[in-house]
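Per-entry structural report
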Amino acid sequence: MENPFSVSLLNDFVFCPASIYFHSVDAVTDKIFYESKEQQEGSALHEKTDCGQYSNRKNILQGISVYCEEYKLIGKIDVFDEASGILTERKRKITKIYDGYHFQLYAYCFALREMGYMVKQLQFHSMLDNKNYRILLPEENPAMLIKFKEVVHTVQCFDLSHFRQTNSLKCSKCVYEPLCSFSERSDSSDHCT
Ligand code: SF4
């Protein structure tokens with residue numbers, strides 16, 4: 001049986017599978033030393049929701065933990081409005097809706113539906129410029145749903161020991177690069193197996 005995987009790591013996995021290793025190693029310490037400034041600011045903006053302070057309306061679910069049995073994914077939703085069926089994930093500043101963003105909301109959508117909630121709409125909210133970006137539901141976007149299933153399957157079967165990042169551009173933008181032996185930039189002799 002597959003182990004549950006964190007929804008928040010799906011996007012990181014899509015960027016680079018090795019990056020999730022660094023997330024797992026003492027998450028608190030990593031947060032302090034290795035998160036980029038933008039990530040830290042985004043986390044701070046999320047804290048209100050995690051503390052349930054975003055809204056006092058009773059039909060608003062905020063920051064609750066969810067588990068999707070079908071795909072073995074665990075996570076914490078941002079905001080779900082039971083009355084309207086709108087599930088919102090807020091991010092600090094959105095410049096592009098990446099596939100990983102879709103996967104994150106799909107996972108939360110499936111988890112909430114398993115719990116009996118009616119999710120009717122998915123959207124992202126860009127906090128700094130106050131813009132909403134609606135995305136299609138999984139059943140309305142079959143191509144993206146297939147990608148989601150493929151990524152989940154890849155995550156569950158992934159073996160980091162055989163991985164080597166070949167995209168130097170990704171490594172050049174990665175906050176973990178100074179520590180990473182999977183980097184395209186590092187000497188292969190540094191790589192532990
Ligand atoms: S430095 Fe490169 S290989 Fe290492 S986690 Fe970052 S992107 Fe992945």
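One can find the structure itself at the top, above this paragraph.
Report on the accompanying structure.

Rules of the game
Residues numbered from 1 in each chain as written. Predicted model: local features only at pLDDT ≥ 70, side-chain atom pairs only at ≥ 80, totals over all residues. Heavy atoms only, no water. Salt bridge = Lys/Arg side-chain N within 4 Å of Asp/Glu carboxyl O. Helix = DSSP H or I, 4+ residues; strand = E, 2+ residues; numbered from the N terminus. Buried < 20%, exposed > 50% of the residue type's maximum accessible area, 1.4 Å probe, protein only. Contact = heavy atoms within 4.5 Å. Near = heavy atom within 4 Å. 1 Å grid on protein atoms, 1.4 Å probe; cavity = no way out; pocket = protein on both sides within 12 Å on 5 of 7 lines; lining within 4 Å. Sits in = over half its atoms within 2 Å of the grid points. Nonpolar A, V, L, I, M, F, W, Y, C, P; charged D, E, K, R; others polar. Expected span 1.5 Å × (residues − 1). Arc of directions from axis to C-beta. Pairing = 2+ DSSP bridges.

The next subject is the pattern of salt bridges. According to the stated counting rule, one finds 4 salt bridges in the structure shown. Here Lys-72 makes a salt bridge to Glu-69, at a shortest N to O gap of 3.2 Å. For Asp-99, the salt bridge is made with Lys-147, and the minimal N-O distance between the two is 2.9 Å. Taken together, the positions of Asp-99 in helix 5 (residues 99-114) and Lys-147 in helix 6 (residues 142-157) put the pair 48 residues apart, joining distant regions of the chain. For Asp-99, a relative accessible area of 27% gives the class partly exposed.

All right, on to the environment of Phe-103 then. With respect to the helices and strands, the residue Phe-103 is situated in helix 5. With 93 residues separating them in the primary sequence, Phe-103 and Leu-10 have C-alpha atoms 7.1 Å apart. With residues near it in sequence (within four places) discarded, Phe-103 still touches Leu-10, Val-14, Met-144, Lys-147, Phe-148 and Val-151.

For the ligand, the full set of nearby residues is Phe-15, Cys-16, Ala-18, Ser-19, Gln-165, Cys-171, Cys-174, Glu-177, Cys-180, Phe-182 and Ser-183. Of the pockets mapped on this structure, the ligand occupies the largest cavity. By residue class, the composition of the shell around the ligand is 7 nonpolar, 3 polar and 1 charged.

It is worth spelling out helix 6 at this point. The end-to-end C-alpha separation of helix 6 is 23 Å, in line with the 22 Å expected for 16 residues at 1.5 Å each. Of the residues making up helix 6, those classed as buried are Met-144, Leu-145, Phe-148, Val-151, Val-152 and Val-155. Axial view of helix 6: buried residues confined to an arc of 125°, hence all on one face. Facing away from the buried surface of helix 6 by more than 90 degrees, the exposed residues are Pro-142, Ala-143, His-153 and Cys-157. Close packing links the buried residues of helix 6 with strand 1 (5-6), helix 1 (8-15), strand 4 (73-76) and helix 5.

On to the sheet that holds strand 4, then. Read from one edge to the other, the open sheet built from 3 strands follows the order 1-4-3, with strand pairing classed as mixed. Two strands bound the open sheet, and with one partner strand each, they are strand 1 and strand 3 (65-68). As defined by bridge partners, strand 1 adjoins strand 4 across 2 bridges and the pair is classed as parallel. Among the inter-strand pairings, Phe-5 is bridged to a residue of strand 4, identified as Leu-73.

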